[in-house]
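Breakdown of the fold
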Amino acid sequence: MVQEQIVARGITDARVIAALRRIPRHLFVDPGIVNRAYDDSALPIREKQTLSQPYMTARMTEALALNGDEKVLEVGTGSGYQTALVAELCFNVFSVEKLRVLSRKARILLDQLEYQNIALHVGDGTIGWSEHAPYDAIIVSAGSPSTPKPLLDQLSSCGRLVIPVGDEQNQTLLRVTRTRSGFEQEQLGECKFVKLFGKYGWRD
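What comes next concerns the included structure. Per chain, the residues get numbers from 1 upward, laid out in the order the sequence is written. Whole-chain, interface and lining totals are the exception, using all residues; otherwise, since this is a predicted model, local features are given only for residues with pLDDT of at least 70 and side-chain atom pairs are given and counted only at 80 or more. Just so you know, side-chain values use all the structure's heavy atoms and leave hydrogens and water out.

1. Topic: unusual backbone geometry
Note on backbone geometry: most residues besides glycine have negative phi, and most peptide bonds are trans. Formally: Secondary structure counts use DSSP, requiring at least four H or I residues in a row for a helix and at least two E residues in a row for a strand, with both numbered from the N terminus.
Of note, the bond from A133 into P134 is cis; its omega dihedral lies within 30 degrees of zero at 5°. Among the structural elements, P134 can be located in the loop between β5 (118-122) and β6 (135-140). Positive phi, close to 55°, is recorded for A65, a residue that is not glycine. Along the chain, the position of A65 falls in the loop between α3 (54-63) and β3 (71-75). Here C158, not a glycine, exhibits a phi torsion of approximately 70°, which is positive. With respect to the element layout, C158 can be found in strand β7 (residues 155-166).

2. Thoughts on the packing of aromatic side chains
Stated formally: Working definition: a ring pair exists when centres of Phe, Tyr or Trp rings (six-membered ring for Trp) sit within 6.5 Å. Plane angles under 30 degrees give stacked, over 60 give edge-to-face, the rest tilted. A ring is scored as having a charge over it whenever the NZ atom of a lysine or the CZ atom of an arginine sits within 6 Å of its centre and within 35 degrees of its normal.
One pass over the full model with this rule turns up three aromatic pairs. Relative to Y81, the ring of F28 lies with its centre 5.4 Å away and its plane at 75°, an arrangement referred to as edge-to-face. Of the two residues, F28 sits in the loop between α2 (14-22) and β1 (43-44) while Y81 sits in helix α4 (residues 81-87), which places them 53 residues apart along the sequence. Ring pairing ties together the aromatic residues F94, W129 and Y135, which thus form one cluster. The ring of Y135 has K71 sitting right over it, with the charged end atom 5.8 Å from the ring centre.

3. A word on the environment of T61
We apply this condition: Here a residue-residue contact requires only that any non-hydrogen atoms of the pair lie within 4.5 Å.
Inspection of the secondary structure assignment puts T61 in helix α3. Note: C-alpha distance between T61 and G80 (19 residues apart in sequence) is 14 Å. Residues in contact with T61, not counting those within four places in the same chain, are V16, Q82, L85, L89 and I139.

4. Quick word on the sheet that holds β3
Each strand in a sheet pairs with its neighbour through backbone hydrogen bonds, running either in the same direction (parallel) or in the opposite one (antiparallel). Basically, it comes down to this: Any two strands are treated as partners once DSSP identifies two or more bridges connecting them. Orientation is described by lines fitted to C-alpha atoms, with helices fitted over the stretch in contact, and by angles between N-to-C directions that extend from 0 to 180 degrees.
Spatially, the seven strands line up as an open sheet ordered β5-β4-β3-β6-β7-β8-β9, and their pairing is mixed. A single partner strand is all that each edge strand has here, and the edge strands are β5 and β9 (182-191). Taking each pair of neighbouring strands and ignoring which way they run, the sheet shows an average axis angle of 15°. Summarising the sheet, β3 and β6 pair through four bridges and their orientation is parallel. For L73, the partnering residue across the bridge sits in β6 and is I138. Against the sheet, helix α5 (residues 100-112) touches β4 (92-97) and β5, its axis set at about 165° to β5.

5. Considering α5
The condition is simple: Any helix carries an expected span of 1.5 Å times its number of residues minus one. A simple rule labels every residue: compare its accessible area, found with a 1.4 Å probe on the protein chains alone, to the largest value its type can have, and call it buried under 20%, exposed over 50%, or partly exposed in between. The arc in question is the one traced by the directions running from the helix axis out to the C-beta atoms.
For α5, which comprises 13 residues, the first-to-last C-alpha distance of 19 Å matches the rise-based estimate of 18 Å (1.5 Å per residue) to within 8%. Within the sequence span of α5, burial applies to L102, S103, A106, L109 and L110. Around the axis of α5, the buried residues are gathered within 135° of arc, so they sit on the same side. Of the exposed residues in α5, the ones pointing more than 90 degrees away from its buried face are R104, I108 and Q112. Close packing links the buried residues of α5 with α4, β4 and β5. One or two positions beyond α5, positive phi appears at E114, with a value near 65°.

Below is the structure:
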C-alpha cells in the first residue's frame, strides 16, 4: 500500500511514510471488509462515515508539515486511523468526533495500540476545542461548505489548517496558514469527503 499508493504518487515526507508503515490499518476497519483494508479507496465505517483513502490520508497529513513537537486538533475522529497517524508525528492530538459511538470505539482501539498522546472529545467539531487552543495544526476529515471561523481563530501564529471545502459533489482540499497579517490559502487538489455537520458546517 505505502509503496504503490503513497510513495508512487508523490508523497515524500519520510516521517509520514514511516508512520504509515507502522500503523496496522486493518485494525481500523470492520471485520467484514478487513480484506479491503489496504485497498486504494475509502471504506465505510459505522454511522454512514468513511475511512479515507490511504493516499488522501497521507496527503492531508503531509500538508500539516509536522516536525514532532506540535499540538494538533483533529476534527472527525472517525475510526481513529488518521488520529493515530497524526499522533505518530506530533506531541499531542486533540480529536473531536460528533458521534459518540465512533469516539468510544476509537478510544478502545487507540488505547490497545498504546497511544498516550491522544485526547478524544464528543461534540461539534466545527467549533473546535477551545480549551486547548491555540493549535499548531488543525486537520478536518470531513467536507465543509466553508472554513469554520472558530477553527481559524484557534490556529497559532504560522499554524496550518487542512480542510476539504465545497459542496456535496465538488470539494477542494485547502491549506490555510495563519500569518501576521491574516491568512494565506493554498489549493491542494480536488477531493470528496462526507459532510462536516455542525454549527459552522452543514446543518443536520
